[in-house]
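Report on the structure
Read off the chains here:
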Amino acid sequence: MKYYILFGPPGAGKGTQATAMTEKYNLRHISTGELLRKEIAAGSELGKKAKSLIDAGSLVPDEIVEGMIESEFRTVRDVAGFLLDGFPRNTAQARDLDAILAKTGEEVTGVVSLMIPDETIKERIRHRATIEGREDDAREETINNRIVTYHDKTEPLIGYYKDSGKYNEIDGLGTIDEVRSKIFDLMDRF
Ligand code: AP5
Ligand code: MG
């Protein structure tokens, strides 16, 4: 199995680009954010635990998202690989992902990182708020805290994956089509 990480700050276009990537490369898209929002909508215990943290723009506990990821790995079979969107989100999750994959003698195939400046993050999330109605897009304070959480907890992963030679960065500015074509060029070289 291939294991691709689609990396980037909030609003970078991960979800937007994931659809075309999964179709072209026969991958299963796993967005931990989307899985958590489904749990919240279903009113599950896990969803109740996650809701206040997501609304605050903080990360939910590692074991919650890691459990969801591992269960997808173990149950999904009819694909060439997985496209991880929003996971890992800190170095502990990256190490745990390596350990989960090592159990079956596998490893991360490559990281595709979409980079945009903080100002663009805000513009895109404010725009999406008018369309999708995500609760964590509704308040300026939540958006700001997601950006702080990204720089503080998630950005260090760039160094982690550079060290293993798996990090590849793409400029996330430009039209959706332009970014997609750069992603495809990169994916074709993996
Ligand atoms: P998550 O759902 O992962 O949110 P996020 O990382 O903040 O990322 P977004 O979904 O906001 O951005 P995106 O990159 O997918 O952008 P999109 O394509 O929609 O996580 C939510 C929360 O869940 C977290 O805050 C945390 O609490 C929790 N969580 C999730 N995973 C976790 C983990 N592993 N550990 C702990 N907690 C976790 O694009 C944004 C907008 O821009 C859209 O409107 C789109 O149409 C537009 N757009 C996209 N590309 C372009 C372009 N090229 N030009 C113009 N507009 C564009
Ligand atoms: Mg998303």
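Before reading on, note that the structure itself is shown above.
Now for a description of the structure that goes with this document. (Residues numbered from 1 in each chain as written. Chains lettered and ligands numbered in written order. Predicted model: local features only at pLDDT ≥ 70, side-chain atom pairs only at ≥ 80, totals over all residues. Heavy atoms only, no water.)

A word on the pattern of salt bridges. Per the stated rule, a full pass over the model turns up 14 salt bridges. Its salt-bridge partner being lysine 51, residue aspartate 55 comes within 2.5 Å of it at the nearest N-O pair. Taken as a pair, aspartate 55 and lysine 51 lie in helix α3 (residues 45-56) at a separation of four residues, close to a single helical turn. A network of salt bridges, in which partner residues are shared, links Arg128, Arg134, Asp136, Asp137 and Arg146. (Salt bridge = Lys/Arg side-chain N within 4 Å of Asp/Glu carboxyl O. Helix = DSSP H or I, 4+ residues; strand = E, 2+ residues; numbered from the N terminus.)

In this structure, the largest pocket spans a volume of roughly 1100 Å³. Looking at the largest pocket, it is lined by 48 residues, and the ones nearest its centre are Gly11, Lys14, Arg128, Arg134 and Arg146. When contributions to the lining of the largest pocket are tallied by element, the ones reaching two or more residues are β1 (2-7), α1 (14-25), α2 (32-42), α6 (118-132), α7 (140-154) and α9 (176-189). Here the element with the most residues in the lining of the largest pocket is α2; it accounts for five residues. Partitioning the lining of the largest pocket into residue classes produces 17 nonpolar, 20 polar and 11 charged. (1 Å grid on protein atoms, 1.4 Å probe; cavity = no way out; pocket = protein on both sides within 12 Å on 5 of 7 lines; lining within 4 Å. Points joined across faces, edges and corners; volume = space filled by probe spheres on them. Nonpolar A, V, L, I, M, F, W, Y, C, P; charged D, E, K, R; others polar.)

Turning our eyes to something else, we now look at the environment of threonine 75. One can find threonine 75 in helix α4 (residues 62-75). Given the relative accessible area of 60%, threonine 75 is considered exposed. Put simply, threonine 75 and histidine 29 are 46 residues apart on the chain and 13 Å apart in space, counted from C-alpha to C-alpha. A polar contact of 2.7 Å, which involves the side chain of threonine 75, links it to the backbone oxygen of serine 71. (Buried < 20%, exposed > 50% of the residue type's maximum accessible area, 1.4 Å probe, protein only. Polar contact = N/O pair within 3.5 Å; in protein donor to acceptor, adjacent residues only side chain to side chain.)

Our focus in this paragraph is the packing of aromatic side chains. How two aromatic rings sit relative to each other is given by the distance of their centres and the angle of their planes. Applying the stated criterion to the full structure yields eight aromatic pairs. For the pair phenylalanine 73 and phenylalanine 82, a centre-to-centre distance of 4.9 Å together with 55 degrees between the ring planes defines the contact as tilted. Taken individually, phenylalanine 73 and phenylalanine 82 each receive the classification buried, so the pair is uniform in this respect. Three or more aromatic residues link up through ring pairs in this structure, and these residues are Tyr3, Phe73 and Phe82. (Phe/Tyr/Trp six-rings, centres within 6.5 Å; stacked < 30°, edge-to-face > 60°.)

As a further point, take the site of ligand 1. The full set close to ligand 1 counts 31 residues, and Gly11, Thr16, Thr32, Ser58 and Arg128 are the nearest of them. Note that an oxygen atom of ligand 1 is positioned 3.0 Å from one of the backbone N or O atoms of glycine 13. Here arginine 128 contributes a side-chain N or O atom positioned 2.6 Å from an oxygen atom of ligand 1. Contact with the protein chains hides 89% of the accessible area of ligand 1, taken as 1100 Å² for the molecule alone. In this structure, ligand 1 is accommodated by the largest pocket. Broken down by secondary-structure element, the contributors of at least two residues to the shell around ligand 1 are α1, α2 and α6. (Near = heavy atom within 4 Å. Areas by Shrake-Rupley, 256 points an atom, 1.4 Å probe, with all protein chains shown as cover. Sits in = over half its atoms within 2 Å of the grid points.)

From the geometry alone we can't say anything about function, so treat these as descriptive.
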